[in-house]
Amino acid sequence: LKFVVHRSREAVMASFAPLLRGAGSSEKLLSLVHATSLLRSQKNPLGFSTVLGLTHRRLQGLRALKTLRNYGACSVNSAGILIAWHALLLSCELLRGIVIRNAPPWTGFQTAMGRKVSCVISDVLSVGATLQLVRSQGASWKRQRRVRLGRAVVAGLFFGILGVLGIFYNVNIISDGDCVSEQIPKRDWTWAIRLILLAPIREEILFRGYLLRSFIPVLGRSQATILSTIIFTLMHNKAMDASRALVFASGLAASLAFILGGQSIVASTIFHCMWNWSIWVAR
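Quick caveat: nothing in here was measured; it's all calculated off a predicted structure.

Rules and cut-offs
- Residues numbered from 1 in each chain as written.
- Predicted model: local features only at pLDDT ≥ 70, side-chain atom pairs only at ≥ 80, totals over all residues.
- Heavy atoms only, no water.
- Phe/Tyr/Trp six-rings, centres within 6.5 Å; stacked < 30°, edge-to-face > 60°.
- Helix = DSSP H or I, 4+ residues; strand = E, 2+ residues; numbered from the N terminus.
- Buried < 20%, exposed > 50% of the residue type's maximum accessible area, 1.4 Å probe, protein only.
- Lys NZ or Arg CZ within 6 Å of the ring centre and 35° of its normal.
- Axes fitted to C-alpha atoms, helices over the stretch in contact; angles between N-to-C directions.
- Parallel < 35°, antiparallel > 145°, perpendicular 65-115°, else oblique.
- Left-handed = near helix turned anticlockwise from the far one by under 90°.
- Contact = heavy atoms within 4.5 Å.
- Salt bridge = Lys/Arg side-chain N within 4 Å of Asp/Glu carboxyl O.

Visitor: What should I look at first to understand the packing of aromatic side chains in this one?
Guide: For any pair of aromatic rings, the description rests on two quantities: the centre-to-centre distance and the angle between the ring planes. Taken as a whole and judged by the stated rule, the model has 4 aromatic pairs. An angle of 85° between the planes, with centres 5.9 Å apart, marks the rings of W85 and F207 as edge-to-face. Residue W85 is located in helix α3 (residues 48–102), and its partner F207 is located in helix α8 (residues 189–219); the two are separated by 122 residues in the primary sequence. F207 carries the same exposure label as W85, and that label is buried. Arranged with centres 5.8 Å apart and planes meeting at 40°, the rings of F271 and W275 form a pair that is tilted. Here W275 and F271 lie together in helix α11 (residues 265–282), a separation of 4 residues that amounts to about one turn. Side by side, F271 and W275 carry an identical accessibility label, which is buried. By the ring-pair criterion, three or more aromatic residues cluster together here, those being W85, F207 and F232. For the cation-ring pair, R194 lies above W191, with the distance from its terminal atom to the ring centre recorded as 4.6 Å. Positioned above the aromatic ring of F232, the side-chain terminus of R208 is 4.6 Å from the ring centre.

Visitor: I would appreciate a short explanation of the packing of helix α10 (residues 244–260) against α11 in the present structure.
Guide: Describing two packed helices takes the angle between their axes plus the distance from one axis to the other. Two numbers describe how α10 lies on α11: the axes approach to 7 Å, and their chain directions differ by 150°. Regarding the angle of α10 to α11, the classification is roughly antiparallel. Both α10 and α11 take part in a crossing whose hand is right-handed. Between α10 and α11, the contacting residues are L246, S250, A253, A254, A257 and F258 on the first element and I265, A267, S268, F271 and W275 on the second.

Visitor: Mind showing me how you'd approach the pattern of salt bridges here?
Guide: Close approach of charged atoms allows side chains with opposite charge to pair. According to the stated counting rule, one finds 4 salt bridges in the structure shown. Of the charged contacts in the structure, one is a salt bridge between E93 and R96, with a shortest N-O distance of 3.4 Å. Separated by 3 residues within a single helix, E93 and R96 lie in helix α3, roughly one turn from each other. Its salt-bridge partner being R202, residue D123 comes within 3.6 Å of it at the nearest N-O pair. With a gap of 79 residues between them, D123 in helix α4 (residues 112–136) and R202 in helix α8 connect regions that are remote in the sequence. Side by side, D123 and R202 carry an identical accessibility label, which is buried. Among the charged side chains, a salt-bridge network with shared partners connects D123, R194 and R202.

Structure follows, in C-alpha cells:
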C-alpha cells in the first residue's frame, strides 16, 4: 500500500509539472494546497485524474484573474502617461502661439516662413518634453545603450524596406481623397521635417520606448505588442495614414522591429521614418 501511494504521488507531481511551469510562486502554492486537500478527500488514492482536472481549472482561473489585473494596471498607466503627453504637446503649441504674437517684427515669426519655422521649433521642443516625461516615469536607457547598434539598424532597415515596398505596391490606397488630409502641402520642407523625422522620434520614445518596454515584463512580448499597437492605432490621427488598418500594420511592424532590434528605439524609429517617407512620396 505504501508503494502504491508513493508511486501515485510521483505520478501526480509529474502531471502537475507542465501546468505549473509558467505560474508564479503564489499560484503554485495555492494549486498544491488545493491538490493536497483533494487528495486527502479522495477515498481511492488512485483517482488522480479528477484531482488533476479540478486543479487545472483552478489554475486557469488564477491565470485569467492575473491577466485581467495586469491588463487593468497597464491600461491605467497608459491613460495617465498619454494624458500627460497630450498636455505637453498642447503646452508647446500654446507657447508657440505666445511667441508668434509677442515676438518683435525683426524676428520674422509673423511671416509665413517664420510660422513654419516656429512649428519645427515647437516639434523639437515636444521631442525633448516627451523624452523628459518618459525619464520622469523611471524609464532606464542603460539596456538600450548596451545593445549593439548594428542589430537595431538592420532590424529597422529590414522592416522599413518591407514597409516601403508595401506602400508603393498599394499606392492607390494612399492616393484616395479621403485618406490623406488636404491641409498638408505636398512640397513643404518644414512639413517633411516634422512628419518624416520629428514625429517618428517623438512617438517612438513614448509608444515603444516606454509603453511597450513597460508592458513586456508584465504581459509578455506577444500581448504587450498587441496592446501597445492598439493604443498606437487609437491615438494616431489620419494626417499621413490611409486607414486604421494601415496604422495598425505600421504600429505592429514598429513593435516587431523594436523587439527584434534588442528593444532599441533606434530600430523602430528607422522603420517609422521610412514608413512616413514612403507615404509622403506616394502622395
